[in-house]
Every structure is written in structure tokens, then in C-alpha cells.
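A look at the structure
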Amino acid sequence: MNSFIEIRSIRSDNSKIIIPFLLLPVWLLLYLNLQNLTDLIIFDLINLPKDSHLTSAISFFIFEVPKVLLLLILIVFVVGIIRTYFSPERTRKMLGGKKLFAGNVSASFLGVVTPFCSCSAIPLFLGFVESGVPLGVTFSFLIAAPMINEVAVVLLFGLFGWKTAVLYMSTGLIIAMISGYIIGKLKLERFVEDWVYKIKAGHINTEEQKPSFSERISSGADAVKEIVGKVWIYIIIGIAVGAGIHGYVPENFMAGLMGKSAWWSVPIAVMLGVPMYSNAAGIIPIVQALLEKGASLGTVLAFMMSVIGLSFPEAIILKKVLKLPLILAFIGIVAAGIIIVGYLFNLVY
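The model shown is predicted, which means the values in this text are computed figures rather than measured ones.

1. Focus on the overall build of the protein chain
- Regarding its fold elements, the protein chain presents 17 helices and zero strands.
- Taking all 349 residues of the protein chain together, 47% fall into the buried category.
- The contacts in the protein chain between residues at least 6 apart in sequence include a share of 85% that link residues at least 24 apart.
- Accessible surface for the protein chain amounts to roughly 17600 Å². Of this, 69% is attributable to carbon and sulfur atoms.

2. Notes on the nonpolar core
- Counting 92 residues, the largest nonpolar core has F125, M147, Y168, M304, L322, L326 and I338 as the members making the most contacts within it.
- Per element, the largest residue contribution to this core is eleven residues, and it comes from helix α3 (residues 53-82).
- Apart from the residues lying within four places of it in its own chain, the contact partners of L322 are F125, F139, F191, V192, E193 and I327.

3. A closer look at the layout of surface pockets
- Of the pockets and cavities examined, the second largest pocket occupies roughly 610 Å³.
- Those elements that place two or more of their residues in the lining of the second largest pocket are α1 (2-32), α3 and α11 (213-248).
- With ten residues, the single largest contributor to the lining of the second largest pocket is α1.
- Here the residues of the lining of the second largest pocket sort into 17 nonpolar, two polar and three charged.

4. Some thoughts on α11
- The end-to-end C-alpha distance of α11 is 49 Å, a good match for the 52 Å that 36 residues give at a rise of 1.5 Å each.
- Of all the bends in α11, the largest measures some 40 degrees and sits at V231.

5. Comments concerning the packing of aromatic side chains
- Scanning all chains against the criterion turns up two aromatic pairs.
- Residues W27 and Y31 carry aromatic rings whose centres are separated by 5.1 Å and whose planes lie at 5 degrees to one another, so their mutual orientation is stacked. Taken together, the residues span about one helical turn, with W27 and Y31 both in helix α1 at a distance of four residues.
- The class for W27 is buried, based on a relative accessible area of 14%.
- Assessed through its relative accessible area of 23%, Y31 is described here as partly exposed.
- With centroids separated by 5.3 Å and ring planes inclined at 45 degrees, the aromatic side chains of F139 and F330 adopt a geometry described as tilted.

6. Re the confidence of the model for the protein chain
- On average, residues of the protein chain carry a pLDDT of 76, and 76% of them reach 70 or more.
- Per-element confidence in the protein chain is highest for helix α2 (residues 34-45), whose mean pLDDT is 88, and lowest for helix α4 (residues 88-95), whose mean pLDDT is 63.
- Residue range residues 1-10 is modelled with pLDDT below 50. Its contacts to residues more than four positions away, or to other chains, number zero contacts.

7. Topic: unusual backbone geometry
- The backbone of N47 sits at a positive phi, close to 60 degrees, despite the residue not being glycine.
- The residue N47 is located in the loop between α2 and α3 in this model.
- We classify N47 as exposed; its relative accessible area is 60%.
- Although it is not a glycine, K187 sits at a positive phi angle of roughly 55 degrees.
- Checked against the element boundaries, K187 lands in the loop between α9 (162-185) and α10 (194-198).
- The class of K187 is exposed, set by a relative accessible area of 57%.

8. Quick notes on a nonpolar patch on the surface
- On the surface, I19, L23, V26, L30, L37, L40, L45 and I46 cluster together into a nonpolar patch covering about 710 Å² of accessible area.
- Put simply, the parts of the chain that give the nonpolar patch at least two residues each are α1 and α2.
- Summarising the element assignment, V26 is placed in helix α1.
- For V26, a relative accessible area of 45% puts it in the partly exposed group.

9. Let's talk about the environment of P325
- When you line up the elements, P325 lands in helix α17 (residues 324-348).
- Classification of P325 by relative accessible area gives partly exposed; the value is 39%.
- In this structure the C-alpha to C-alpha distance between P325 and R190, which are 135 residues apart in sequence, comes to 9.9 Å.

10. Some thoughts on helix α7 (residues 135-147)
- If you check α7, its first and last C-alpha atoms are 18 Å apart, about what 13 residues at 1.5 Å a residue would give, namely 18 Å.
- Counting buried residues in α7 gives 13 out of 13 residues, a clear majority hidden from the surface.

What counts, and at which threshold
Residues numbered from 1 in each chain as written. Predicted model: local features only at pLDDT ≥ 70, side-chain atom pairs only at ≥ 80, totals over all residues. Heavy atoms only, no water. Helix = DSSP H or I, 4+ residues; strand = E, 2+ residues; numbered from the N terminus. Buried < 20%, exposed > 50% of the residue type's maximum accessible area, 1.4 Å probe, protein only. Contact = heavy atoms within 4.5 Å. Areas by Shrake-Rupley, 256 points an atom, 1.4 Å probe, with all protein chains shown as cover. Core = buried A, V, L, I, M, F, W, Y, C linked by side-chain atoms within 4.5 Å. 1 Å grid on protein atoms, 1.4 Å probe; cavity = no way out; pocket = protein on both sides within 12 Å on 5 of 7 lines; lining within 4 Å. Points joined across faces, edges and corners; volume = space filled by probe spheres on them. Nonpolar A, V, L, I, M, F, W, Y, C, P; charged D, E, K, R; others polar. Expected span 1.5 Å × (residues − 1). Bend = angle between axes of the 7 residues up to and from the residue. Phe/Tyr/Trp six-rings, centres within 6.5 Å; stacked < 30°, edge-to-face > 60°. pLDDT = per-residue confidence, 0-100. Patch = residues over 30% accessible without salt bridge, like charges linked within 9 Å, V, L, I, M, F, W, Y side chains within 5 Å. Salt bridge = Lys/Arg side-chain N within 4 Å of Asp/Glu carboxyl O.

If you want it as C-alpha cells, here you go:
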């Protein structure tokens, strides 16, 4: 009986490993033929005229929705596997004992690959403080984790290409590193709530079981179910709004509002983005449409990073462990970094 159960378990593990590799050619076939399928639907099945605002909007929507979802499924699956190597306890160990700048660099890179969002802010903050991680290093992690997430990278890659995705990642990392470094140098520990330093939480068992390869594959599949299951509706809404802008807003209309010549557009974009809350899935398709209509890259990038990176709900959550001056310093320093990045890219591009 036990051997029968073991055989079934082995078969189950093998199927978890094999199925993703069998689905990969199907994914590739669909992705490479999206434009042909879109043309087939638009011009052969629906029979829409070639030169019309409606055709342009519908074509944008039909092409971008499966493209973004396919990219998201693949990348989230891969990142889900990578994340099995980074538990909260291991992350704290990797950051503990690091000096300020080296810690800021490490924390920023770890923030990209670890599965933590604004809802994890308080337990992570407490865990880092308990482990002796400096305040500035902690903030580098808390800035990088939500700002540079796989959804944003996938959407930027799918909509704008790898150069823009790398640009977004590199600027986000620089902002996280420098902002955390400045916060650390300002010695703002006195603005952390007193009870945080007094807490003596029980230590988590450091003996972690190493997942098997099939368990890592399962984690990747679970990540797809969880993340794509949460954001698909925002992707569709965002692309629908982007399709409307793409089809009906006149060319270069946004140039006067968010173009390079409007020097005030970058700080205004950040000021609008800070109190606004959206995830990358909802905001990036709109960003694409704004760029197509004449908005400058730096201004749009600044708006996107302020919406994603300066989460209003995260600030409210952090209010339980931080005093108001530190929260305002955090928002102000990160916002200043985003504004500088916006002007820089408007100048270069």
C-alpha cells in the first residue's frame, strides 16, 4: 500500500514538472502569431474598415490583452520559482550586519526578487529591526519591493520592449538605493515608534526545509494563479482605457500637457501620482497610450513610478510603526528622486 502511494506521488511530481514544458511550445506559437490572429479577427471575422478610430481602438485592445497576459503568465511562473529561494527569514539574514551603502544595494536587489508588497510592510519592518538591519537599508528594501515588481517589468517589456523595462528597473533600483542611503544618513531612528525597539518577538525557526524541484514548479504555478488571478481585470480595464486613448485622442494632444516643453509637467505628474493608488497592471497600458499621443517618456515614467512606488495604503500601514516626520521624509525623498529621474529622461530622450 505504501509503495503504491509512493508511486502515485512520484507520478504526480513528474506531471508537475512535465506539464509546464509541454505548454511552452503552445505559448510560443500563440505569442508569435498574435498579430496575424488580430488581423484575422478585425478584418475577416468582424470586417471593420481599415482606417477608422474604432478599428484602431479595437485592434489595440484585441492585440494587447493576450500579449500582456501571455507574457505575465510566463514571467510570473519563472519569478515564482526564483522566489522559493528567498524566505522572509533568509532575507533578514542576508541583510543583517550589512553596512549602510552595501546594505542599501543588497536590499534594493533583494526587493526586486522577493514576494513582499505593502501588506507585508509592518511584519517585515519589525523583523528587520529585530535582526539589526539599519533603518536606511530597511527603507531601500521597502521602496524596491513594490516599485520594481514582475507585473510592471512584464508589462513594460511587452508594451515598450526590453530597453524600457531595463530602464525602469535600473532607475527604480537607483532611487531605492539612494533614498534608503539618505534616510540612513539623516539618523531618523527617533521617529520610529518606541514600542518597535522594545518588542521581543519570538525568533522564527531558522532550520528551513529545502523545497524539491517539483515543489518549486508548484510554487511557480501557484504564483500564476494568485497574481494573474488578481490582476487580470486591471489589465483588461487598463488596456481598454489605453485603447480609447489610442483610437480617439488626437496625435500629439498630450504633448502640451505632458511634453518636454512643459517644464512643470514632471512635478505635477508626481504630485498627482503620490495620493493615487493603482497597481502596475492598471496604470502601464494607460502609460503606453499617453506616450503614443505625445507625452514625454520622463514625465510618464515619473507618474508611473509615483503611483506604483509611493503607495498611499503602504503609508497608512507604516503609520502604525513610524511617526509622521519619518513617513513624510520617506515620501519626500522618494518623490524628489522620481522627479530627478523624470527630468533626466526628458533631457536625454
